[in-house]
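# Close look at the chain arrangement
The lines below spell out each chain.
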Amino acid sequence: MATFFTWADIKAKVQKDVDIEDEVFITESELQSYANEAIDEAEAEIHTLYEDYFLSKAPITLVQGTSDYVLPSTIYAHKIRRIIYQNGSEIFTIARLKDWKKFEQKAVDDYYGGGTDYNYILLNQTAGAPVISFVPAARESGAYVTVWFIRNATRLTSDASVCDIPEFINFIYQYMKVRIYEKEMNPNLQFAVQALEAQRELMKSTLASMVVDADTELEMDTSTYQEHS
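Quick summary incoming for the structure in this document. In this text the structure is predicted, and so the values were computed from the model without any measurement. (Residues numbered from 1 in each chain as written. Predicted model: local features only at pLDDT ≥ 70, side-chain atom pairs only at ≥ 80, totals over all residues. Heavy atoms only, no water.)

## A word on the pairing of strand β7 (residues 119-123)
Sheet topology note: the strand β6 (residues 95-96)/β7 ladder contains two bridges and is parallel. When the sheet's bridge partners are listed, Ala-95 is paired in β7 with Asn-119. Relative to strand β8 (residues 131-135), β7 runs antiparallel, the two being bridged by five bridges. Pairing of Leu-122 across the sheet is with Ile-132, part of β8. (Pairing = 2+ DSSP bridges. Helix = DSSP H or I, 4+ residues; strand = E, 2+ residues; numbered from the N terminus.)

Written out as structure tokens, the structure is:
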């Protein structure tokens, strides 16, 4: 099991490693910003190579007559993996309306009530408030929908904040050291940058080989046939 580190742990180690425990030239807020920059970079690599590392889910409670529902607050770049409807034994995937004629299809389904299943589109018409818009509007009320999505990595905001990418903590340490050396114009900067790139390559190779289990059989996507059966 991975060991998780708090911001207090990370800060103390980096300060000790670069001998700035009693220094005021680099403030704690700067150190924290360096750590979160490192998390940003690690997160981008993770989402590119193994996005299910941050797989999460959230319920949506339908309200009869309502189309639009807020996205989960922690979602990364609107990355929805699947939306599932389940009411007792009735279970189906809520599919995204295809780009071809999706606006016409939404208008028709909204007017006539749609078919047996729901569909959805994403709307981003209000800054900071993107929504899932179900087509047609909900026919019933209840917590029948689950959104599977890719979430953001946790940012470090207090001493108790936990870094949730423990496998790549050494990348975060080294990134912080590079940023510290840059500000100090430290002669060890070039060596630190080389060490950072080595950690980056190690992170990439680890992510590239990550699988949920040992099953490497390729899955055939039969969704097109199921949708038309």
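## Some words on the side chain of Ser-133
Tracing the backbone shows Ser-133 in strand β8. A polar contact is formed between the side chain of Ser-133 and the side chain of Asp-68, at a distance of 2.7 Å. Discounting chain neighbours no more than four positions away, the residues touching Ser-133 are Ser-67, Asp-68, Lys-106, Asn-119, Tyr-120, Ile-121 and Leu-123. (Polar contact = N/O pair within 3.5 Å; in protein donor to acceptor, adjacent residues only side chain to side chain. Contact = heavy atoms within 4.5 Å.)

## A closer look at the environment of Val-14
In this structure, Val-14 sits in helix α1 (residues 7-17). The class for Val-14 is buried, based on a relative accessible area of 0%. Remark: the alpha-carbon pair of Val-14 and Met-176, spanning 162 residues in sequence, is separated by 7.4 Å. In contact with Val-14, not counting residues within four places along its chain, are Tyr-173, Met-176, Lys-177 and Ile-180. (Buried < 20%, exposed > 50% of the residue type's maximum accessible area, 1.4 Å probe, protein only.)

## A closer look at the environment of Val-147
As for its placement among the helices and strands, Val-147 is situated in strand β9 (residues 142-151). Taking the relative accessible area as the measure of exposure, Val-147 reaches 1% and is therefore buried. Here the alpha-carbon distance between Val-147 and Tyr-85, two residues 62 residues apart in the chain, equals 9.0 Å. For Val-147, the residues in contact, after removing those within four places along its chain, are Ser-56, Lys-57, Ala-58, Ile-60, Ile-80, Arg-82, Ile-83 and Ile-132.

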